[in-house]
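Architecture and fold: a report
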Amino acid sequence: MSPFALMPLAALPDFSGFLRVDLNSYLYLSALLFAIGFLGVLLRKNTLVIYMCLELMLVAATVALVAFSRYNGTMDGNVFVFFILTVAAAEVAVGLAIIVALFRRRQTIQVEELNALKN
Amino acid sequence: MSALLFHLFSVFTVACALGVVFNKNAVASALCLLLSLTGIAALFVLLDAFLLAVLLVFVYAGAVVALFLFIIMLLDMQGGNRKPFTKASIIVGIAAAGLLFTGLYSFVIRGHVDSPSLADTPAVGASLRAYAEQLFTTYLLPVQIVGFLLLIAMLGVIVLSKKFENLEDIK
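Description of the confidence of the model for chain B
On average, residues of chain B score 86 in pLDDT, and 91% of them are at 70 or above. What the predictor reports for the complex is a pTM of 0.85 with an ipTM of 0.85.

Put into structure tokens, the structure is as follows:
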């Protein structure tokens, strides 16, 4: 008789439900990533880091789209992510060009100093 | 095995995303973003979206993060003297974080989507053929529009990065 047979296995918490992965797990992850990105947008003062957090939010949304597409057996979510990637690439190029132009003019990219529209 | 990999990569991705937010150095933030995107690409592989995983690594990890690093290098930001937070920004920050936490909490507690079994649904996103079929039939017009959008973005970036000599200073 092995010594492990005496262990009260029923007393251990059941982790099988926790470790099971379904559509909801991907949605939770997507929401969490989106929230982290949003927190970064609110918290940070550097325009470049804010922009990185925006990208993070965009990618978090794509995770949900791909998960929906996979679990429903349809192609539309995947194709939509394809377009999102394209638009994101264009957006990053234009946004960074704007940031560089801003820096050239104002010599700063800290958001608290960029208050020309205030008052 | 797949469940274990999902948890491994999701923890990795979330940890790197937190690294993006809480790193003081912008270069370290960009590198954390790179790692986080790699984790998301691994999750795409777990979801049988192989083309999207490769595209994510190429477009985001390759081009976008490289562009970010290049701009950080170009602007050469110094940490400098930081202004302390004002009272209003602290209050608004706490309120927004609380709202965010409440939303996430209610999402985890209440929101439960009926999840179909993964074994029953075919992995349509696994083949390149499915993408080609969709992109050249149903989504032909969006493909054209996106191509035009990329052209406009390219022109916009060229105009934005051009130096205009006789432009009065807007202050």
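Structure shown, so let's carry the discussion forward.
Let's talk about the interface of chain B and chain A
Across the contact, 78 residues belong to chain B and 71 residues belong to chain A. Counting the surface lost from both chain B and chain A, the interface buries some 6800 Å², and carbon and sulfur atoms represent 79% of this. In this structure, the connection of chain B to chain A is made through one salt bridge. For Asp48(B), the salt bridge goes to Arg70(A), with nearest N and O atoms at 2.9 Å.

Structural notes on the state of the cysteines
Tallied over the entire structure, the rule returns zero disulfides over all chains. Just so you know, Cys53(A) is unpaired, no disulfide at all, and the nearest cysteine sulfur is the one on Cys32(B), 11 Å from it. Summary of cysteine pairing: Cys16(B) is not part of a disulfide, and the nearest cysteine sulfur, belonging to Cys32(B), is at 5.6 Å.

Points about the packing of helix 4 (residues 76–106) of chain A against helix 5 (residues 128–136) of chain B
Relative placement of two packed helices is described by the angle separating their axes and the distance separating the axes. Helix 5 of chain B packs onto helix 4 of chain A with a crossing angle of 75° between their chain directions and a minimal axis gap of 10 Å. Between helix 4 of chain A and helix 5 of chain B, the interaxial angle falls into the category roughly perpendicular. Between helix 4 of chain A and helix 5 of chain B, the residues in contact are Asp76(A), Asn78(A), Val79(A), Phe82(A) and Phe83(A) and Tyr131(B), Gln134(B) and Leu135(B), respectively. Class assignment of the residues belonging to the contact of helix 4 of chain A with helix 5 of chain B gives a composition of five nonpolar, two polar and one charged.

Description of the side chain of Ser29(B)
In this fold, Ser29(B) is placed in helix 2 (residues 26–46). For Ser29(B), the side chain forms a polar contact with the main-chain oxygen of Val20(B), separated by 2.9 Å.

A look at the packing of aromatic side chains
Aromatic rings in a pair are described by how distant their centres are and how their planes are angled relative to each other. What the rule picks out here adds up to six aromatic pairs over all chains. Centroid distance Tyr26(A) to Tyr71(A): 6.2 Å. Interplanar angle 55°. Geometry classified as tilted. Taken together, the residues span a long stretch of sequence, with Tyr26(A) in helix 2 (residues 23–43) and Tyr71(A) in helix 3 (residues 47–72) at a distance of 45 residues. Judged by relative accessible area, which is 3%, Tyr71(A) ranks as buried. Ring centres of Phe101(B) and Tyr105(B) lie 6.1 Å apart, and the angle between their planes is 20°; on these two criteria the pair is classed as stacked. One end of the pair is Phe101(B) and the other is Tyr105(B), both in helix 4 (residues 87–109) and four residues apart, which spans about a single turn. Classification of Phe101(B) as exposed rests on a relative accessible area of 58%. Members of the aromatic cluster, each reached through a chain of ring pairs, are Tyr26(A), Tyr71(A) and Phe6(B).

Reading the values: the criteria
- Residue numbers here run from 1 along each chain, matching the order of that chain's written sequence.
- Note on labels: chains are lettered from A, ligands numbered from 1, in written order.
- Reporting of local features is limited, given that this is a predicted model, to residues whose pLDDT is at least 70; pairs of side-chain atoms are given and counted only at 80 or more, and all residues count toward the totals for whole chains, interfaces and linings.
- Heavy atoms throughout the structure, all of them, feed into the side-chain values; hydrogens and water do not.
- Per residue, pLDDT measures the predictor's confidence, with a range of 0 to 100.
- Note on definitions: a residue-residue contact is assigned when non-hydrogen atoms from the two residues lie within 4.5 Å.
- By buried area we mean the combined loss of accessible area, with a 1.4 Å probe, across both parts when two parts are placed together.
- Salt bridges are counted wherever a side-chain nitrogen of Lys or Arg sits within 4 Å of a carboxyl oxygen of Asp or Glu.
- Throughout, a disulfide means two cysteine sulfur atoms within 2.5 Å of one another.
- With axes taken as lines fitted to C-alpha atoms, and helix axes fitted only over the stretch in contact, angles between N-to-C directions fall between 0 and 180 degrees.
- Helix and strand definitions here come from DSSP, where helices need a minimum of 4 consecutive H or I residues and strands a minimum of 2 consecutive E residues; each element is numbered from the N-terminal end.
- Roughly parallel means an angle under 35 degrees; roughly antiparallel, over 145; roughly perpendicular, 65 to 115; everything else is oblique.
- We call Asp, Glu, Lys and Arg charged. Ala, Val, Leu, Ile, Met, Phe, Trp, Tyr, Cys and Pro are nonpolar, and the rest, Gly among them, are polar.
- Here a polar contact means two N or O atoms within 3.5 Å. Within protein one must be a hydrogen donor candidate and the other an acceptor candidate, and residues neighboring in sequence count only if both atoms are side-chain atoms.
- A pair of Phe, Tyr and Trp rings is counted when the ring centres sit within 6.5 Å of each other, with Trp represented by its six-membered ring. The angle between the planes then sorts it: under 30 degrees is stacked, over 60 is edge-to-face, the rest tilted.
- To sort residues, take the accessible area from a 1.4 Å probe on protein chains only and compare it with the maximum for the residue type: under 20% means buried, over 50% means exposed, and anything in between is partly exposed.

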